[in-house]
Amino acid sequence: MAECHPVGFQWVMEAKARGAKVIHVDPRFTRTSALADVHVPLRAGSDIAFLGGIINHVLQNEKYFRDYVVAYTNAPMILREDFRDTEDLDGVFSGLDPDNRRYDNASWQYEGMEVQAASGERDLEYDKRTTGGGSETEAARGEAHGSGGADIGEGEPERDDTLTHPRCVFQVLKRHYARYTPEAVEQICGVPQDLFRQVCELVTDNSGRERTTAFAYAVGWTQHTVGVQYIRAASVLQSLLGNMGRPGGGILALRGHASIQGSTDIPTLFNLLPGYIPMPHAHKGEGLDEFVQGEAARKGYWGNMRTYLVSLLKAYWGDAATAENDFCFDYLPRLTGSHSAYETAMAQLEGVCKGYFVFGENPAVGNANAKLMRLGMANLDWMVVRDFSLIETATWWKDGPEIETGEMRTEDIGTEVFFLPAAAHTEKDGSFTNTQRMLQWHHKAVEPPGQARSDLWFTYHLGRIIREKLAGSTDPMDAPVLDVTWDYPLKGELAEPDAESVLAEINGRAADGSPLSSYEQLQADGSTACGCWIYCGVYADGVNQSARRRPGTEQNWVAGEWAWAWPANRRILYNRASADPDGKPWSERKALVWWDADEGKWVGHDVPDFKPTKAPDYEPPPDATAAEALSGTDPFIMQADGKAWLYVPSGLTDGPLPTHYEPQDSPFDNLLYPQQRNPVRQLLARHPDNRYQPSGTEPGSDVFPYVATTYRLTEHHTAGGMSRWLPYLAELQPEFFCEISPELAAERGLEHTGWATIVSARGVVEARVLVTDRMAPLTVQGRTLHQVGLPYHWGPNGYSTGDAANELLHLSLDPNTHIQEAKAFAVDIRPGRRPRGPASVRLVREYRARAGIDENTGTEP
Amino acid sequence: MTDSGSGDGLRARPDGGHGNQLYGPQHDVAGAAGYPDSPPRMGFFTDTSVCIGCKACEVACKEWNAVPEDGLLLTGMSYDNTQGLGADTWRHVAFIEQRKPLGGQEPGVSHEDVDVFDAAGRLGTGSAPAGQISPLAPDGRTELRWLMSSDVCKHCTHAACLDVCPTGALFRTEFGTVVVQEDICNGCGYCVPACPYGVIDQRKDDGRVWKCTLCYDRLGVGQEPACAKACPTDSIQFGPLDELRERAEDRVARLRAAGVADARLYGEDPTDGVGGDGAFFLLLDEPEVYGLPPDPVVTTRDLPDMWRHAALAAASLAALAVTSFVRSAGRGRR
C-alpha cells in the first residue's frame, strides 16, 4: 500500500500512531513491509491457502464472533441435500461440466429457496426464473446453466441457529477448511508455522466485540484465475470475525487509478449498466418485465431494480422513453457473450472487431500477453488513441517489437491509427470516486494545451457529430442515438460541456425537473430520471455535494461533510451491523449507529445504512417484497436474504466457497486436491503466441522453475503513459529491472546491475538485475523456491525505456471478472541480454520445444 | 573535527553571544544577521521512522523550484537512483537495506499507554523492552529492515557556506534559513568545500551553486515548503524550530519507550559543531549509515583564531621588517 498508494498509506500510519498493528503479506519486501510490524513473504498465487488457514484457525479454535455470525451471516442456512463440496469430489463442487468448463449451480442453493445474487453473474438464473425463451447466442453465454431448479424466492430458507445441522453453512465451511492446517499453509505458501500462527493470533486478538481488523488488498489478489475467490476468502474471514459494517473493519479494495471505483459505478465495463444494474443478455422476447423478473432479487434493495432501471432509461432517452415502449428498454445493447478487453483482442484477431477506441490505456504494454494485443490491433480497420504522449499503443505499427523481429512489416498493416492528445485531470472539471465510494470534485486549474481536450469534450462532440450525420434517418437502428438526451450546456472557447450538468443528470430529477436528494424518491412509473441510482443525492438541493471541503477538525470523526459518498452519503456500508440485533452498539468503543427507541429511528455518527424507521424487532409480512421484506436484523440490505454470505449460493461461476487451486502456470502440484487448477478458469483462443506451460510434476515443468510476479513501483504509474515521459519520475526509476534474491543470483550466475533474460512460453524480455535481500527464497513442498519480481511499467517508448514484463504473460482469466493472472506465473531466468531480431522468437520456440509444449498443454479442466 | 565542541561554544565573546559569531549556540540567528523584528526561526524536522520512501519530496521540490532532471542512472543502491544532494537534487531519499530485525522499528506506538516521562528517564540505559513482534527469518537468513530517509540542506546555525561567500550571494533570511541568490552568485565555488555536509554544489553548465532554499518564496506568502506539503506521512515536518525540537524530543522518547533503542535525533543540538541545524532528523541508526557525518563542525569555526594567528603572524612579520629596517638603517648610519 505504501508502494502503490502512498497517499492513502498516511491513514495506515495514522492508525499505527494510535497503536494499530500492521501485517504485510507479500512475496516481496516492499516499502509497505518496511513500515509494517510483521512482513509475511509467501509464494505468489497461494493466498487462498493462507487465508483458508486463518479461517480454519478461527473455526477450530472458536475465535469467531458467534452472536454476529448467527444473527448476521448465512452460517445457519441449510443447504440442499444434493450439494457436494470439494471434500466429496476431489477438489471440485457438484454441478461441474468439465467438457464445457462450467458449473451448474443448482445444487449450491439453500434448501427450499432460490436466492438471487446482489452482484456478479445474475443472468445465470434467467432461464430458471422466467419461462425461458432461449438465448440468442447460447454458445456465447459461457455461464449458461441447465434448466430446472427451484422456482424464484418463495418461502424462507431453512436455518439452524445452533449451527450444528450437518448441512448448515457453518458445518460445511468447517469441513471445507479442515485441511487448511498450519502444516498445509507452510507446505503450500512457504510460510513457517510459527509466523503463520503469529498472524492468526494478531488477527483474532484484534477482532470481536471490542476490536476490529481491516483488510486492504489490490490487484495482488484480483489478478489470478481465482481472483474473485481470493476476495471471497477475506469476506468469509471478516464475516466470521464480525468485522463487516463496523468502524475499523471491512475489506478495502485499493484501486489502481484515481477513479477506478467510479469506472465500475458508472461503468466502463461491458456487462454492467450504471449502479450495478446488469446489462441485458440477448434473450429472445425479453422485455423490461422479463428482464426484471430474471435479474432482480425478491428481497432487499435489488427488489427495486425496475425503479432504478426505468429512471436510468428516462435519463438516457427522456421524453422518448414511455410506459408504452417499455421506456426504450429495447434500445439497450444486448450481450451475446463475454466482451471483456481480452475477448475484444481475440475478436480483433478473428477479424470480427474492426474499430477500437483506447482512452487512457496502453494495452500494447499494459495488458497481459502484450504481443497478442498488438497482433489484434494490427488486424483492425481503425483505432483511436487518446493519451498524453505517443504511447506504444499508438506506435506499435512502426516501432513495436514485432517490427524488430520481422514478424510484422509496417507496409502490411492496414490499421489506420488516429492519435488525439488528451487533457490531464488538472485541465478539466470532474469527480474522482475513491475506494470509500467517496466522490471528490476537482476543478480545472488551467486550460488544456494545444489540441488536447477532455474525454468529456471528445465524447460529447463525437456524439453530436454522429447525431448530425444521422439526422432524419428512419432506420430503427439509429433511433437510440437520435433519441438520446444530448443537451449539455457548453462553456468557453473550447465548447467544453459543463461537467456539473452531467453530474446533475447522474443525480436525477423529479418530474418537475428539480434535483432529487435520495434514491428512495425514485419511481418505477417514469416520473423520475436518474443516471445512476446509487449516486442519487450527490447533487441534492442543486448543490454539488462532492465539492464540499469542510475540514475534519470542524466536524465529527466520520467527517460526513467532506465530499460525498454513495449511497446516501454513508461512509461505512452495512453499518446496521455495528449494532447488535437489539439495536445497541456491540461495544461503546466501536459504536457507529444505533436504534433510538424514544425517537423511533436509527441514529449515530454515520448515516444509518438501513431504513431509518425500521425497528430492530420488525418482522416483514409474508407478502412483502424488496426492502420491505428485510427484517429489523438484516443489515446486509443489498443481499436477497439480508445476510453476509459465508457461502455463495448464487452469483459466482467457480464455486460457493474459496478453494485453493494452483495458478495456470505453477512449478508445484496442488497439495490439497487432485484438481490442479480452477476447473472453470477462462482460457482464451489456442493461439500459438498464447501457450500455457506444464505445471508441478508434469514433464517439462522444470524448464520454468521460478515463480514470477508483476507489480508497480511508487515512482511509476501502470503501463507508464503518465510517468515514463516525465523526466522527474523517469530519473527516479530509470530502467526496467528484475528483483531477485542473492541465492538465486548465485544459482544462476546473475550479477547485480548486470542483465538478465527472462523467458516464458509466450515471450522473452531482458532486465537489469537488482539483487536484494528483500526477495526471500521460500521453502515450498520441501524444496527451495525462488521468486522473480517484475515491475511492469516499461515499454520501448518514452524517456525511460525497457522491455514490457507483460510480454511473458498468458491469457488464462478469472471466470467471473475476465481478469488476467499477472500475479503468479512461472519463468526461467538466465544471465545476459536477450537475443535480438528473429533470434528472440527462436529462443522462445526452443523453450517451448524443450518443455514439450503444444496447444493442449495446461488446458485440462 | 570530532570534538562536538559543546564546551567551546560557551567561550565568552566580546559581543555577549549576539554578534557575528561563527560558533556555538545562537538563539537568534535572524537577529544576529541584522533583522530587528524577525519571525520565529523556521525549519524541518524529518522523522525517518515514518518515511515510506515515496520520493514525493524529491519531485515536489524539483517541480516547485524548477530544478533540472539530472540523468537516468540505475545505481543498484537499493531504490536510490538519486545518489545524493547536489546542485540538481535538493531533497534526496536514501534507501538502506539492513540485516536487522524489522519488528523493533516501531511496534505499535500508542498515544495512550506510553509514559513519556518514564521512557525519558530510561533514555540511553538500553533497558527499553524489545518489540514483542519479530518476524521469523526464512532458512539461513537474518531479518531485514529497510531504512528510508529524506536528506536536505541543514540550514546550519553557523553556515560556513554563507561565511565564506565573497559576493554576498548567500544570505541569511528573516526566517533564519540560508539561501543562494542566483543573480549574484559568480560561481567562485568557495562555499562548496566549506559545507561540512557536502550539500552545496555547482551546476556544471553554469558554474553557479544551488541548494535548498527552504522554499523562501513560499514562506514569504505563508505557505510551507513544497516537500513538506507533498509528504503523505508527515515524515517531513515544517514549522518554528523551537516547536519542532519539542515535538522531536517527544517522538524519540515514545519510540524508545516502544523498544526502538536506536532512535536518536541528529542535528537538533544547539551546542553541536554547527550550532544546531535548521533542518534536523530522527534517525534509527548511526548517522554514517545514512551517509551523514557523525560530528559535523562548521568549517569556519577556527576562522577568528586563524585570523588572530594570521594577524599575529602579520604583526610579527611587520615587526621583523621594522626591526630589520631599523637595523639596516642603523647599519647605514654607521
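The structure this text deals with has already been given above.
Summarised in this report is the structure supplied together with it. A quick note: this is a predicted structure, and the numbers were derived from the prediction, not measured.

## Re the overall build of chain B
And step 1. A count of helices and strands for chain B gives nine helices and ten strands.
And step 2. Among the 334 residues that make up chain B, the fraction classed as buried is 43%.
And step 3. Within chain B, contacts between residues separated by at least 24 positions form 69% of all contacts whose residues are at least 6 apart in sequence.

## Remarks on the packing of helix α14 (residues 341-349) of chain A against helix α16 (residues 370-377) of chain A
Residue and element names in this part refer to chain A.
And step 1. Between α14 and α16, the least distance of the axes is 7 Å, while the angle of their chain directions is 50°. With respect to α16, the element α14 is oriented oblique. The chirality of how α14 crosses α16 is left-handed. When α14 is examined against α16, the residues A345, Q348 and L349 are found in contact with a partner set consisting of L372, M373, L375, G376 and M377.
And step 2. Grouping the constituent residues of the contact of α14 with α16 by class yields six nonpolar, two polar and no charged.

## Thoughts on the interface of chain B and chain A
And step 1. Counting residues at the interface gives 40 residues for chain B, matched by 44 residues for chain A.
And step 2. Contributing elements (two or more residues each) for the side of chain B that touches chain A: α2 (56-65) and β3 (145-152) of chain B.
And step 3. Considering each element in turn, the side of chain B that touches chain A owes the most residues, five residues, to α2 of chain B.
And step 4. Of the residues that constitute the side of chain B that touches chain A, the class distribution is 19 nonpolar, ten polar and eleven charged.

## Quick notes on the sheet that holds strand β9 (residues 355-359) of chain A
All names here are of chain A.
And step 1. The parallel open sheet is built from three strands, whose spatial order is β9-β10-β11. The open sheet has two edge strands, β9 and β11 (416-421), and neither has a second partner. For this sheet, the mean angle separating the axes of adjacent strands, direction not counted, is 10°.
And step 2. In this structure, strand β10 (residues 382-387) lies alongside β11, joined through six bridges in parallel fashion. What sits directly across from R386, in β11, is L420.

## Describing the environment of L303 of chain B
And step 1. Its place among the elements puts L303 of chain B in helix α9 (residues 303-333).
And step 2. Separated by 22 residues in sequence, L303 of chain B and F325 of chain B place their C-alpha atoms 31 Å apart.

## Some remarks on unusual backbone geometry
Residues and elements named next belong to chain A.
And step 1. Looking along the chain, the bond that leaves W566 and enters P567 is cis, with omega of -10°.
And step 2. We note that Y276 has phi near 65°; this positive angle belongs to a residue other than glycine.
And step 3. Inspection of the secondary structure assignment puts Y276 in the loop between β7 (272-273) and β8 (277-278).
And step 4. Look at A626: it is not a glycine, yet its phi comes out positive at around 50°.
And step 5. A626 gets classed as partly exposed once you count the C-beta atoms within 10 Å, which come to 18.

## Some details on the packing of helix α3 (residues 47-60) of chain A against helix α8 (residues 193-205) of chain A
Residues and elements named next belong to chain A.
And step 1. In the contact formed by α3 and α8, the axes pass within 10 Å of each other and the chain directions differ by 60°. For the element pair α3 / α8, the angle class is oblique. When the axes of α3 and α8 are compared, the crossing they make is right-handed. Here G53, I54, H57 and V58 of α3 lie close against α8, whose contacting residues are F196, C200, V203 and T204.
And step 2. For the contact of α3 with α8, a count of residues per class yields five nonpolar, three polar and no charged.

Calculation rules
- Residues numbered from 1 in each chain as written.
- Chains lettered and ligands numbered in written order.
- Predicted model: local features only at pLDDT ≥ 70, side-chain atom pairs only at ≥ 80, totals over all residues.
- Helix = DSSP H or I, 4+ residues; strand = E, 2+ residues; numbered from the N terminus.
- Buried ≥ 20, exposed ≤ 12 C-beta atoms within 10 Å, placed from the backbone.
- Contact = placed C-beta atoms within 7 Å.
- Axes fitted to C-alpha atoms, helices over the stretch in contact; angles between N-to-C directions.
- Parallel < 35°, antiparallel > 145°, perpendicular 65-115°, else oblique.
- Left-handed = near helix turned anticlockwise from the far one by under 90°.
- Nonpolar A, V, L, I, M, F, W, Y, C, P; charged D, E, K, R; others polar.
- Pairing = 2+ DSSP bridges.

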